[in-house]
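Coordinate inspection notes
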Amino acid sequence: MEKLWAGRFAKQADKIADDFNSSIGVDCRMYQQDITGSMAHAAMLAACGILSPEDAEEITKGLEGILQDINSGALQLDMTAEDIHMFVEAELTKRIGDTGKKLHTARSRNDQVALDLRMYLREECKAIEGLLKDLIRVVLKQAKENIDAILPGYTHLQRAQPITFAQHLLAYIAMFQRDIQRLQDASKRMNFSPLGSCALAGTTYPTNRSMVAQALGFDGITSNSIDGVSDRDFCVEILSALSVIMMHLSRFSEEIILWCSWEFRFVELDDSYTTGSSIMPQKKNPDMAELVRGKTGRVYGNLIATLTMLKGLPLAYNKDMQEDKEAIFDGVDTVKQCLKVFIPMIDTMKTQKQAMYAAAQKGFINATDLADYLVGKGLPFRSAYKLVGQLVAYCIQNNTVLEQLPYEEYQKQSSLFEQDLYNAIDLKQCVEKRISQGGTGSSSVQQQIAQVEEFLKA
Ligand code: ARG
């Protein structure tokens, strides 16, 4: 394909250099944004008297035709074109002749690509927000079904205190809610049109940048032309939001992988979201969760690649910036792919309440409650803590647990113990007594559920 910038050159680009330079294989996915942006630009040029109404009309019709033909498959993208912007413009001129050459008045590919990318990512952020909401919905469904499922809560992966599975799942929902807010926040800052910044310095034509911005659904225009074409903060912000999403999915995956093991047996994944082994007939592996955990690194990599690409760039546009798209598109694709498999995997996951409860009974996770019981009887907490520690040691030596230790043994340690101690260390009671806001007690869990339902409605 002949270069639109061929005028200055005596020789054609070397084939290897040409391929190296070309980005259409990556940026072709922005064809719709590119064409829509061009239509708004043409309309503005006409409104400002820079283009005749007839020319603008011809250009718009031509662009409409190109969009239709790409969508229907009638027009194949020319992969030898330099990028999607060059392709669309050349195709327009092929279709409508010299009028097509007027489209690029008061515009540069530098502001054009910045515009297209913002428009493209705006849609992708919305799509990911939608997927995160779907994920919250299925996690919430699991939480509601497991309000009564008691299991050990862990610190240091050591059994710590009894919680409900609902409470545990609600922790992930809180993360996913923040993930949505982070994307919304980044989108809000991104939603300003850079078009009209032109190559870097603005233009001599009497353009109306706000008109284009408004037509394309932006909240306004970028304030400085140099920043308009050189800013990729929005890529960095979105990639960091995506990295945090992956970090959350990865932590969740890690727990699911543990919970599926025979050592835990807290959950069972549906057959359709697991795989077998080629040699070990008994295996049912949580590959989806492992892959999500594994793909986290590539999204972090995309963030670091983008930050590194930007860090040494003098203002304004530099070709290094073409690398932004591969990184952000891969980040977006990976997160969407992971969410799309994660949602049904969680939706179909079965919980094993008995295994959870059995795990909660060993490990002295009611020891804090026993100490609190003694505090209730007047003992200072530190003394109660020590006394219960001794009781735990005694139980371990005698291969028993606090619930089964005879009353006489308690009496030997302290006369403050009365028969009601067994009620105080009953696991259900231990959970119910966690009445503080945000705690694992059922009233707090119900409150959290109601809050999430409100969030989903909004
Ligand atoms: N394909 C280019 C990119 O993605 C478009 C902008 C090219 N601008 C330029 N001055 N060469 O960055």
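Here is a short report on the structure shown in this document. (Residues numbered from 1 in each chain as written. Predicted model: local features only at pLDDT ≥ 70, side-chain atom pairs only at ≥ 80, totals over all residues. Heavy atoms only, no water.)

1. Overview of the environment of E326
Of note, E326 is situated in helix α12 (residues 323-347). The partly exposed category is assigned to E326, whose relative accessible area is 47%. Taking the C-alpha atoms as reference points, E326 and S23, separated by 303 residues in sequence, lie 9.2 Å from one another. (Helix = DSSP H or I, 4+ residues; strand = E, 2+ residues; numbered from the N terminus. Buried < 20%, exposed > 50% of the residue type's maximum accessible area, 1.4 Å probe, protein only.)

2. Looking at unusual backbone geometry
Keep in mind that most residues, glycine aside, have a negative phi and that most peptide bonds are trans. In this structure, the amide linkage connecting L315 to the following residue, A316, adopts the cis form with an omega of 5°. For A316, the location among the structural elements is in the loop between α11 (287-311) and α12. Its identity is not glycine, yet H156 carries a phi of approximately 55°, on the positive side. Examined against the element boundaries, H156 turns out to sit in the loop between β1 (150-155) and β2 (158-164).

3. Side note on the side chain of H41
If you trace the backbone, H41 turns up in helix α3 (residues 31-47). Note on H41: relative accessible area 1%, which makes it buried. A polar atom in the side chain of H41 sits 2.7 Å from the backbone oxygen of T105. For H41, the residues in contact, after removing those within four places along its chain, are L103, T105, A106, R107, L195 and V212. (Polar contact = N/O pair within 3.5 Å; in protein donor to acceptor, adjacent residues only side chain to side chain. Contact = heavy atoms within 4.5 Å.)

4. Some words on the pattern of salt bridges
The full count for this structure, using the stated rule, is 32 salt bridges. Notably, a salt bridge pairs D98 with K101, separated by 3.2 Å at the nearest N-O pair. The class for D98 is exposed, based on a relative accessible area of 55%. Close ionic contact of K377 with D420 constitutes a salt bridge, the shortest N to O distance being 3.2 Å. Remark: D420 occurs in the loop between α16 (407-413) and α17 (421-424) and K377 occurs in the loop between α14 (367-376) and α15 (381-397); sequence separation between them is 43 residues. The structure contains a network of salt bridges with shared partners spanning D69, E91, K94 and R95. (Salt bridge = Lys/Arg side-chain N within 4 Å of Asp/Glu carboxyl O.)

Shape descriptors only; they carry no functional weight alone.
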